[in-house]
Amino acid sequence: MNTHDPNMRPTIRQLDEAAINRIAAGEVVERPASAVKELVENAIDAGARRVGIEIADGGKTLIRVTDDGCGMTAEDLPLALSRHATSKIDGSDLLNIHSFGFRGEALPSLGAVARLTLQSRARGFDAVELSVEGGRMGAAKPCALNGGTVVTLRDLFYATPARLKFLRSDRAEMQAIADTVKRLAMAEPSVGFTLRDVSGGNDRVSFRVEPEQGDLFDALRGRLSRVMGAEFTENALPIDAEREGVRLTGYAALPTYSRGTSVAQHLFVNGRPVRDKTLIGALRGAYQDFLSRDRHPAVALFVDCDPHKVDVNVHPAKSEVRFRDPGLVRGLIVTSLRHALATAGHRASSTVAEATLGAMRPEPVGPRVYHMDRPSLGARTAAYRMQAPDYQPVPPYQQAPQPTGFADLGGSYSGRVVEPVAEAPREDYAQRPLGAARGQVHENYIFAQTEDGVVIVDQHAAHERLVYEKLKKQMAENGVAAQALLIPDVVDLSVDDAGRLLAVADDLSRMGLSIEPFGAGAIAVRETPAILGEVDSQGLIRDILDELDDMGETHLVQEKIEAILSRVACHGSIRSGRVMRAEEMNALLREMEATPHSGQCNHGRPTYVELKLSDIERLFGRT
């Protein structure tokens with residue numbers, strides 16, 4: 001990289017304004033979605049209630065943002081296009097920030113790399129227009145505009161053509177723009193957004209939401225339902241908690257509504273969409289006991305605090321933040337989410353039943369049979385009776401016996417019907433959430449009847465979760481047993497790494513891992529968790545350090561212990577293939593109802609599926 005000629009002395013020179021703006025644009029505007037983000041945030045800061053975005057060719061040839069905000073005067077426009085000129089802060093306190101933007105860099109940076117036209121009208125003033133092309137500002141002139149501001153950006157990066165080569169396809173850039181608009185729409189439920197694709201002279205609405213009404217949670221729920229889908233809000237738990245001036249609100253989905261990637265994780269700090277390691281690590285910690293590492297929770301969480309407690313000026317695109325007390329924020333997230341998941345009890349996501357019905361629904365093979373074309377009730381009854389096992393014709397003058405259903409199949413197939421116990425007082429279990437056990441099929445699945453449907457339980461997965469929760473409870477009450485090493489393992493590290501490990505020594509000790517300093521840059525491992533058996537101390541310590549580097553904290557030891565408990569629970573639970581008595585099945589159902597997190601196994605898969613009677617009837621065409 002060093003191409004300097006040692007015989008020549010480099011000269012320091014002041015760059016011109018155009019070059020400065022193009023450099024700033026490289027930091028702020030990475031792609032068309034970045035430009036849309038800056039312009040829409042300006043519109044929201046201006047008090048807009050409706051924002052319209054028009055895009056052509058993925059934002060490469062046209063980006064137009066229209067708002068009904070406060071607008072600007074003829075005196076404001078030239079300043080708006082100057083670097084570090086802003087109406088959002090006065091410069092006296094760079095932490096007391098209550099707006100999206102505050103640096104005054106977006107418009108001049110965009111004007112340096114594209115053809116920018118700004119039209120605006122403030123209340124009580126005439127509309128005015130000002131254009132910038134490649135950093136050269138034109139003269140202000142009157143224009144026709146009812147109110148608000150219209151920013152038109154054409155030929156993005158025409159002044160820096162090398163940047164165009166790094167842009168993706170029009171479709172990919174349009175998808176990135178849509179994702180950006182949706183995140184801002186979630187942050188501002190009271191603002192309406194319309195995104196249009198006007199490529200090739202067309203006018204296609206890609207995304208539209210109207211301003212939401214109601215209180216905080218009603219408006220947020222409505223907006224999330226429209227942006228993330230109704231399935232998310234149906235399977236999400238409301239979150240509202242506060243600790244030492246930091247408030248957490250939003251919605252977190254059930255573990256059984258997990259995703260294969262983190263695309264459904266939306267995090268906001270003081271209304272600003274962010275991707276922060278502290279928040280992502282806290283989210284992973286909250287769900288680590290319910291999801292495998294390849295599954296990701298779906299959430300929309302909002303952290304609100306005093307602006308002085310968080311620095312939003314640590315990233316060029318303001319997508320990362322730095323908290324003054326990250327431990328407080330992390331603890332609030334983990335505790336609040338785990339409490340919400342615990343209060344959900346045995347609940348599983350509704351999408352499990354929908355997927356089951358979808359798998360059971362046959363492919364259409366002929367024209368639909370309407371009610372008027374069906375056989376009569378008497379004909380259907382006779383047909384069902386003739387198809388029953390051991391059918392014997394009944395003379396017309398004799399009363400037909402009542403069908404006994406699955407009881408006729410006793411012993412013929414891998415299915416059993418639960419017979420009521422005469423001497424035991426019968427309780428109407430059907431009114432309970434998971435109903436009353438009616439049978440067992442393939443010695444693994446329990447069929448239970450509820451008031452309005454059927455529940456199918458995976459007996460092994462359900463009992464595995466129950467045993468796991470009991471083991472965790474016992475460990476929390478009695479602590480983690482530690483085994484002392486006859487000869488301590490000495491691990492050589494750098495001085496900085498040793499210091500970071502010793503800073504969390506108390507946390508590690510509570511999990512059964514005891515460490516202490518052993519000279520400069522070394523630590524001695526005195527005790528390890530007994531449940532882990534023989535431990536590679538060197539590898540474990542270095543894995544903990546890697547996690548500290550990545551997340552700022554470590555839960556590796558706890559995760560390893562809980563993985564062992566999970567395996568113990570798997571081996572200690574009811575095995576597939578075991579025949580269960582009626583009282584055993586009902587006892588399992590009642591324990592599931594009383595145990596938190598019993599709706600999913602230790603890997604996040606559902607332990608039961610509930611099918612509503614109306615869905616079953618629709619499956620058979622009875623509606």
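Residues numbered from 1 in each chain as written. Predicted model: local features only at pLDDT ≥ 70, side-chain atom pairs only at ≥ 80, totals over all residues. Heavy atoms only, no water.

1. Details of the nonpolar core
By size, the foremost hydrophobic cluster in this structure holds 62 residues, and its most contacted members are Val 40, Val 51, Ile 53, Phe 193 and Phe 232. Counting residues per element, this core draws most heavily on helix 6 (residues 170-187), which supplies nine residues. Setting aside chain neighbours within four positions, we find Val 51 in contact with Val 40, Ala 43, Val 65, Thr 66, Asp 67, Val 191, Gly 192, Phe 193 and Thr 194. Residues Leu 291, Cys 305, Phe 323 and Leu 328 belong to the second largest nonpolar core, which totals 34 residues. (Core = buried A, V, L, I, M, F, W, Y, C linked by side-chain atoms within 4.5 Å. Buried < 20%, exposed > 50% of the residue type's maximum accessible area, 1.4 Å probe, protein only. Helix = DSSP H or I, 4+ residues; strand = E, 2+ residues; numbered from the N terminus. Contact = heavy atoms within 4.5 Å.)

2. Some details on the packing of helix 2 (residues 32-45) against helix 4 (residues 106-113)
When two helices pack together, you describe them by how their axes are tilted relative to each other and by the distance separating the axes. Remark: helix 2 packs on helix 4, axes separated minimally by 10 Å, with the N-to-C direction vectors making an angle of 140 degrees. The angle between the axes of helix 2 and helix 4 places the two elements in the oblique class. Note on packing geometry: the crossing formed by helix 2 with helix 4 is left-handed. Residues Ala 35, Glu 38, Leu 39 and Asn 42 of helix 2 pack against Ala 106, Leu 107 and Leu 110 of helix 4. Looking at the contact of helix 2 with helix 4, its residues break down into five nonpolar, one polar and one charged. (Axes fitted to C-alpha atoms, helices over the stretch in contact; angles between N-to-C directions. Parallel < 35°, antiparallel > 145°, perpendicular 65-115°, else oblique. Left-handed = near helix turned anticlockwise from the far one by under 90°. Nonpolar A, V, L, I, M, F, W, Y, C, P; charged D, E, K, R; others polar.)

3. Considerations on the packing of helix 6 against helix 7 (residues 216-228)
Two elements in contact, helix 6 and helix 7, have axes separated by 9 Å at closest approach and are oriented at 165 degrees. The angle between helix 6 and helix 7 falls in the class roughly antiparallel. Crossing handedness for the pair helix 6 and helix 7: left-handed. For the pair helix 6 and helix 7, the contacting residues are Lys 182, Ala 185 and Met 186 in the first and Leu 220, Arg 223, Leu 224, Val 227 and Met 228 in the second.

4. A few points about helix 9 (residues 277-287)
Turning to helix 9, its buried residues number three or more, namely Leu 279, Gly 281, Ala 282, Leu 283, Gly 285, Ala 286 and Tyr 287. Where helix 9 begins, one side-chain oxygen reaches toward the backbone nitrogen of Thr 278, 3.0 Å away; that side chain belongs to Asp 276. (Polar contact = N/O pair within 3.5 Å; in protein donor to acceptor, adjacent residues only side chain to side chain.)

5. A word on the pattern of salt bridges
If you walk through the whole model with that rule in mind, you get 27 salt bridges. Where Arg 50 meets Glu 210, a salt bridge forms, and the shortest distance between an N and an O atom there is 2.7 Å. Placement of Arg 50 in strand 1 (residues 50-56) and of Glu 210 in the loop between strand 9 (204-209) and helix 7 is noted, with a sequence separation of 160 residues between them. Overall, Arg 50 belongs to the partly exposed group, its relative accessible area being 44%. Its salt-bridge partner being Arg 115, residue Asp 155 comes within 2.6 Å of it at the nearest N-O pair. Remark: Arg 115 occurs in strand 3 (residues 115-121) and Asp 155 occurs in the loop between strand 7 (148-154) and helix 5 (161-164); sequence separation between them is 40 residues. (Salt bridge = Lys/Arg side-chain N within 4 Å of Asp/Glu carboxyl O.)

6. Comments concerning the sheet that holds strand 13 (residues 272-274)
Taken together, the five strands give an open sheet; going across it, the order is 10-11-14-12-13, and neighbouring strands pair in mixed fashion. If you trace the sheet from one side to the other, it starts and ends with strand 10 (236-243) and strand 13, each paired once. Neighbour-to-neighbour, the strand axes of this sheet turn through a mean angle of 20 degrees, independent of strand direction. Strand direction decides the pairing type here: strand 11 (residues 246-253) and strand 14 (residues 299-304), joined by six bridges, are antiparallel. Bridging from a neighbouring strand, Tyr 251 pairs with Ala 300 of strand 14. Sheet strands touched by helix 10 (residues 326-343): strand 10, strand 11 and strand 14. Its angle to strand 10, the strand with the most contacts, is close to 140 degrees. (Pairing = 2+ DSSP bridges.)

7. Quick notes on the sheet that holds strand 21 (residues 482-492)
A sheet is described by the order of its strands in space; here three strands give the open sequence 21-23-22, paired in antiparallel fashion. One side of each edge strand has no neighbouring strand; the edge strands of this open sheet are strand 21 and strand 22 (514-517). Averaged over neighbouring strand pairs, the angle between their axes works out to 20 degrees when direction is ignored. The pairing of strand 21 with strand 23 (residues 522-529) spans seven bridges and is antiparallel. By the bridge assignment, Gln 483 is partnered in strand 23 with Thr 528.

8. Observations concerning a negative patch on the surface
Negative charge collects at one region of the surface, where Glu 534, Asp 536, Asp 543 and Asp 546 lie side by side. For Asp 536, the position within the fold is in the loop between strand 23 and helix 16 (537-551). (Patch = residues over 30% accessible without salt bridge, like charges linked within 9 Å, V, L, I, M, F, W, Y side chains within 5 Å. Areas by Shrake-Rupley, 256 points an atom, 1.4 Å probe, with all protein chains shown as cover. Lys, Arg positive; Asp, Glu negative; His and termini not counted. Charge placed at Lys NZ, Arg CZ, Asp CG, Glu CD.)

9. Notes on the pairing of strand 18 (residues 436-441)
Within a regular strand, the side chains alternate between the two sheet faces. The pairing of strand 18 with strand 19 (residues 445-450) spans five bridges and is classified as antiparallel. Note on strand 19: the bridge partner recorded for Gln 440 is Ile 446. What sits between the antiparallel neighbours strand 18 and strand 19 is a turn of three residues, in which His 442 has the positive phi angle 55 degrees.

10. Side note on the environment of Val 467
Following the sequence through the fold, Val 467 ends up in helix 13 (residues 459-478). Under the relative-accessibility criterion, Val 467 is labelled buried at 17%. For the pair Val 467 and Cys 570, spaced 103 residues apart in sequence, the C-alpha separation works out to 8.1 Å.

11. Overview of the pairing of strand 2 (residues 62-67)
Counting buried positions along strand 2 gives five out of six residues, so the element sits mostly inside the fold. Strand direction decides the pairing type here: strand 1 and strand 2, joined by six bridges, are antiparallel. Its bridge partner being in strand 2, Ile 55 is matched across the sheet by Ile 63. Where strand 1 folds back onto strand 2 in an antiparallel hairpin, the turn is made up of five residues, including Asp 57, whose phi is positive at roughly 55 degrees. In this sheet, strand 7 lies alongside strand 2 in antiparallel orientation, the contact comprising six bridges. Along strand 7, the bridge assignment pairs Ile 63 with Leu 153.

Geometric values such as these leave the question of function open.
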